[in-house]
Amino acid sequence: DSTVVKLRLSSHAGFVAGVAWAPSSAYMLASASHDSTVKVWDIRSRTPLYTVHAASAADTGKKLLALDWHASLLLAGGESGSLRIHSVNGQYAAGLDRAPEQPSAAIAPLAAAC
């Protein structure tokens, strides 16, 4: 067996720690990096559709370690301990950072389940 690289996407300035395919598109994926950014990609292009930077000073420069999709929401987290929630659709990506000590009503049930 040999591995064949069919497509290489590069834009992050740090190590990529997480990659996840969008559940609603065969062409869209997201990546999270140690450069503290989330990038949303359409694999038909070699440049990211969006680059989402940390919205809070506490997350700036902190490594992202994991991400996953929930419908059109991207959830990302890392060494800062906050949960970054990004709404992604065909037009834009918007972010909201939530520190663990300030959970919203929507996040609190998720935290309780963990």
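Refer to the preceding data block for the structure.
Residues numbered from 1 in each chain as written. Predicted model: local features only at pLDDT ≥ 70, side-chain atom pairs only at ≥ 80, totals over all residues. Heavy atoms only, no water.

## Side note on the overall build of the protein
Okay, so step 1: For the protein, the helix and strand inventory stands at 1 helix and 8 strands.
Okay, so step 2: The 114 residues of the protein split such that 31% are buried.
Okay, so step 3: Partitioning the contacts of the protein with sequence separation of at least 6, the portion at a separation of at least 24 is 35%.
Okay, so step 4: Split by element, the accessible area of the protein, about 7000 Å² in all, is 55% carbon and sulfur. (Helix = DSSP H or I, 4+ residues; strand = E, 2+ residues; numbered from the N terminus. Buried < 20%, exposed > 50% of the residue type's maximum accessible area, 1.4 Å probe, protein only. Contact = heavy atoms within 4.5 Å. Areas by Shrake-Rupley, 256 points an atom, 1.4 Å probe, with all protein chains shown as cover.)

## Things to note about unusual backbone geometry
Okay, so step 1: Residue serine 36 is not a glycine yet carries a positive backbone phi of 70°.
Okay, so step 2: You will see that alanine 71, though not glycine, has its phi angle at about 55°, which is positive.
Okay, so step 3: Take alanine 71: it is sitting in the loop between strand S5 (64-70) and strand S6 (73-78).

## Some thoughts on the sheet that holds strand S2 (residues 28-33)
Okay, so step 1: An order of S1-S2-S3-S4 is seen for the 4 strands of this open sheet, with the pairing classed as antiparallel. Every other strand in the sheet has two partners, leaving strand S1 (16-21) and strand S4 (50-52) as the edge strands with one partner each. Each neighbouring strand pair of the sheet contributes to a mean axis angle of 20°, computed without reference to strand direction. (Pairing = 2+ DSSP bridges. Axes fitted to C-alpha atoms, helices over the stretch in contact; angles between N-to-C directions.)

## A look at the pairing of S2
Okay, so step 1: For S2, a buried count of 6 out of 6 residues is recorded, marking the element as mostly surrounded by other parts of the structure.
Okay, so step 2: Both faces of S2 are covered, namely the face carrying Met28, Ala30 and Ala32 and the face carrying Leu29, Ser31 and Ser33.
Okay, so step 3: When S1 meets S2, the two strands line up antiparallel, connected through 5 bridges. Note that in S2 the partner of tryptophan 21 across the bridge is leucine 29.
Okay, so step 4: If you look at the hairpin formed by S1 and S2, you'll find 6 residues sitting between the two strands.

## Some words on the pattern of salt bridges
Okay, so step 1: Within this structure, the stated rule accounts for 1 salt bridge.
Okay, so step 2: A salt bridge links aspartate 42 to arginine 44; its shortest N-O distance comes to 2.7 Å. (Salt bridge = Lys/Arg side-chain N within 4 Å of Asp/Glu carboxyl O.)

## Regarding the pairing of S6
Okay, so step 1: Across 6 bridges, the pairing between S5 and S6 is antiparallel. Bridge pairing in S6 links alanine 66 to glycine 77.
Okay, so step 2: The antiparallel pairing of S5 with S6 creates a hairpin that spans 2 residues between the two strands, and alanine 71 there sits at a positive phi of about 55°.
Okay, so step 3: In this sheet, strand S7 (residues 83-88) lies alongside S6 in antiparallel orientation, the contact comprising 5 bridges. Across the sheet, the residue bridging to leucine 74 is histidine 86, located in S7.
Okay, so step 4: Between the antiparallel neighbours S6 and S7 lie 4 residues, among them glycine 81 with a positive phi of about 85°.

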